[in-house]
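Residues per chain, in single letters:
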Amino acid sequence: DTEVTQTPKHLVMGMTNKKSLKCEQHMGHRAMYWYKQKAKKPPELMFVYSYEKLSINESVPSRFSPECPNSSLLNLHLHALQPEDSALYLCASSQAGVYTDTQYFGPGTRLTVL
Amino acid sequence: KNQVEQSPQSLIILEGKNCTLQCNYTVSPFSNLRWYKQDTGRGPVSLTIMTFSENTKSNGRYTATLDADTKQSSLHITASQLSDSASYICVVSARSGGGADGLTFGKGTHLIIQP
């Protein structure tokens with residue numbers, strides 16, 4: 001299995017809602033990432049987990065809360081988002097090296113905040 | 001500050017033609033350079049990854065080159081197909097890593113193949 005899967009594909013939520021994005025990989029990768037991508041812009045790194053521990057948090061607002069329950073799963077909990085948080089949220093994984101190994105991306109979750 | 005510049009910003013070519021996309025970077029210390037293809041609304045897909053000692057790497061009709069002295073890379077697409085229409089993103093890693101500066105994304109080249 002060489003896929004990174006993400007659910008849901010699309011999500012519409014209000015500013016008071018609580019929702020979660022899920023990401024899963026079964027390649028045995030030990031580094032997992034969350035990115036945010038606005039239209040016609042490159043992905044922006046949000047969080048990096050290495051061996052299930054949060055290793056990088058790029059000053060992301062606390063309304064985004066990552067969680068790595070095990071080596072195959074990565075969640076992103078969303079609460080009290082703003083309309084400007086609407087974007088494509090990408091999950092990626094790599095074998096081990098955070099910056100040395102190829103990252104495999106999931107298809108993304110298209111998030112719309114009303 | 002680490003930077004990756006890609007050109008052209010967008011490109012339209014006819015099906016069957018070849019094209020070359022450029023990537024210039026100022027990332028130090030250099031670790032590796034990757035080219036990704038991203039279809040609209042989908043996640044990027046890795047095409048090639050090259051380290052300092054590699055000059056050329058091919059993946060089917062895609063050939064990437066790297067000149068570490070001039071800090072330039074190119075992605076050549078041969079005999080383009082309609083399915084090549086996508087954004088092509090150049091990503092450069094810094095050896096020491098650490099924070100967002102460890103991985104620098106270019107803004108991408110938007111390629112359109114016309115029949």
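Computed from a predicted structure; not experimentally measured.

**Student:** Explain the overall build of chain A to me, please; I cannot follow it from the model alone.
**Tutor:** Along chain A, the regular secondary structure elements total zero helices and eleven strands. Each helix and strand of chain A, placed in order from N terminus to C terminus, yields the pattern β-β-β-β-β-β-β-β-β-β-β. In summary, chain A has a C-alpha radius of gyration of 13 Å against a globular reference of 13 Å for 114 residues, a match within 12%. Each principal axis of the C-alpha distribution contributes one length, and for chain A these read about 35 × 25 × 25 Å. Counting the 114 residues in chain A, one finds 48% classified as buried. Accessible surface, chain A as shown: approximately 5500 Å² in total, 50% of it carbon and sulfur. A distance of 8 Å separates the average location of the 12 positive side-chain charges in chain A from that of its 10 negative side-chain charges.

**Student:** Just checking my understanding: could you explain the confidence of the model for chain B for this structure?
**Tutor:** Regions with low pLDDT carry predicted coordinates that are not meant to be interpreted in detail. A residue-level look at chain B finds 95% of positions with pLDDT of 70 or above and a mean pLDDT of 92. At the level of individual helices and strands, chain B shows its lowest average pLDDT in strand E10 (residues 103-105) of chain B, which scores 87, and its highest in strand E8 (residues 72-77) of chain B, which scores 98.

**Student:** Can you help me understand the packing of aromatic side chains in this one?
**Tutor:** Within a pair of aromatic rings, the relevant descriptors are the distance that separates the centres and the angle that separates the planes. Within this structure, the stated rule accounts for seven aromatic pairs over all chains. Aromatic pair A:Tyr33 and A:Tyr35: ring centres 6.2 Å apart, planes at 25 degrees, arrangement stacked. The buried category is assigned to A:Tyr35, whose relative accessible area is 0%. On the numbers, 5.4 Å between centres and 90 degrees between planes, the contact of A:Phe105 with B:Tyr36 is edge-to-face. Of this pair, A:Phe105 sits in strand E10 (residues 104-105) while B:Tyr36 sits in strand E4 (residues 30-38), on two different chains. The class for B:Tyr36 is buried, based on a relative accessible area of 2%. Taken together, the ring pairs in this structure connect A:Tyr33, A:Tyr35, A:Phe105, B:Tyr36 and B:Phe105 into an aromatic cluster. Taking the ring centre of B:Tyr62 as reference, the NZ or CZ of B:Arg61 above it sits at 5.7 Å.

**Student:** Just to check I follow, could you spell out the environment of A:Gln103 for this structure?
**Tutor:** Counting through the fold element by element, A:Gln103 comes out in the loop between strand E9 (87-94) and E10. Measuring from C-alpha to C-alpha, the distance between A:Gln103 and A:Ala31 comes to 8.9 Å, with 72 residues separating the pair along the chain. Discounting chain neighbours no more than four positions away, the residues touching A:Gln103 are A:Tyr33, A:Tyr35, A:Ala92, A:Ser93, A:Ser94, A:Val98, B:Arg34, B:Tyr36 and B:Leu103. Looking at A:Gln103, its side chain comes within polar contact range of the side chain of A:Tyr35, at 2.7 Å.

**Student:** Any chance you could explain the state of the cysteines here in plain terms?
**Tutor:** Covalent bonding between the sulfur atoms of two cysteines defines a disulfide. Enumeration over the complete set of coordinates arrives at two disulfides over all chains. Disulfide pairing is shown between B:Cys23 and B:Cys90; the S-S distance is 2.1 Å. Residues B:Cys23 and B:Cys90 share a disulfide whose torsion about the S-S bond is about -65 degrees; that sign makes it left-handed. Placement of the pair is B:Cys23 in strand E3 (residues 19-26) and B:Cys90 in strand E9 (residues 86-94), with a sequence separation of 67 residues. Both residues of the pair, B:Cys23 and B:Cys90, count as buried. With no disulfide of its own, A:Cys68 lies closest to A:Cys23 among cysteine sulfurs, the gap being 9.2 Å. Given a relative accessible area of 13%, A:Cys68 falls into the buried group. Considering cysteine sulfurs only, B:Cys23 is the nearest to B:Cys19, which forms no disulfide, with 15 Å between them.

**Student:** It is not clear to me how the nonpolar core should be interpreted in this structure. Could you clarify?
**Tutor:** Grouped burial of nonpolar side chains is what soluble globular proteins tend to show. Judged by nonpolar contacts, the single largest core of 25 residues is most densely connected at B:Tyr25, B:Leu33, B:Trp35, B:Leu75, B:Tyr88 and B:Val92. Sorting the residues of this core by element identifies E3, E4, strand E5 (45-51), strand E7 (62-67), E8, E9 and strand E11 (109-114) of chain B as the ones contributing at least two each. Among the elements that take part in this core, E9(B) stands out by supplying five residues, more than any other. A:Leu11, A:Met46, A:Leu81 and A:Ala87 belong to the second-largest nonpolar core, a separate cluster that totals 22 residues.

**Student:** Before we go on, may I ask you to explain the sheet that holds strand E6 (residues 56-59) of chain B in this structure?
**Tutor:** By definition, the strands of a sheet pair up through backbone hydrogen bonds, in either a parallel or an antiparallel sense. All names here are of chain B. Strand order in the open sheet made by the five strands is E1-E3-E8-E7-E6, with antiparallel pairing throughout. The sheet is open, and its two edges are formed by strand E1 (3-7) and E6, each paired on a single side. Strand-to-strand twist across the sheet, computed as the mean angle between neighbouring axes with direction ignored, equals 15 degrees. By the bridge criterion, six bridges tie E7 to E8 in an arrangement that is antiparallel. The residue bridging Thr65 from the neighbouring strand is Ser74, located in E8.

Conventions used here
- Residues numbered from 1 in each chain as written.
- Chains lettered and ligands numbered in written order.
- Predicted model: local features only at pLDDT ≥ 70, side-chain atom pairs only at ≥ 80, totals over all residues.
- Heavy atoms only, no water.
- Helix = DSSP H or I, 4+ residues; strand = E, 2+ residues; numbered from the N terminus.
- Rg over C-alpha atoms; globule rule 2.2 N^0.38 Å.
- Buried < 20%, exposed > 50% of the residue type's maximum accessible area, 1.4 Å probe, protein only.
- Areas by Shrake-Rupley, 256 points an atom, 1.4 Å probe, with all protein chains shown as cover.
- Lys, Arg positive; Asp, Glu negative; His and termini not counted.
- Charge placed at Lys NZ, Arg CZ, Asp CG, Glu CD.
- pLDDT = per-residue confidence, 0-100.
- Phe/Tyr/Trp six-rings, centres within 6.5 Å; stacked < 30°, edge-to-face > 60°.
- Lys NZ or Arg CZ within 6 Å of the ring centre and 35° of its normal.
- Contact = heavy atoms within 4.5 Å.
- Polar contact = N/O pair within 3.5 Å; in protein donor to acceptor, adjacent residues only side chain to side chain.
- Disulfide = S-S within 2.5 Å.
- Core = buried A, V, L, I, M, F, W, Y, C linked by side-chain atoms within 4.5 Å.
- Pairing = 2+ DSSP bridges.
- Axes fitted to C-alpha atoms, helices over the stretch in contact; angles between N-to-C directions.

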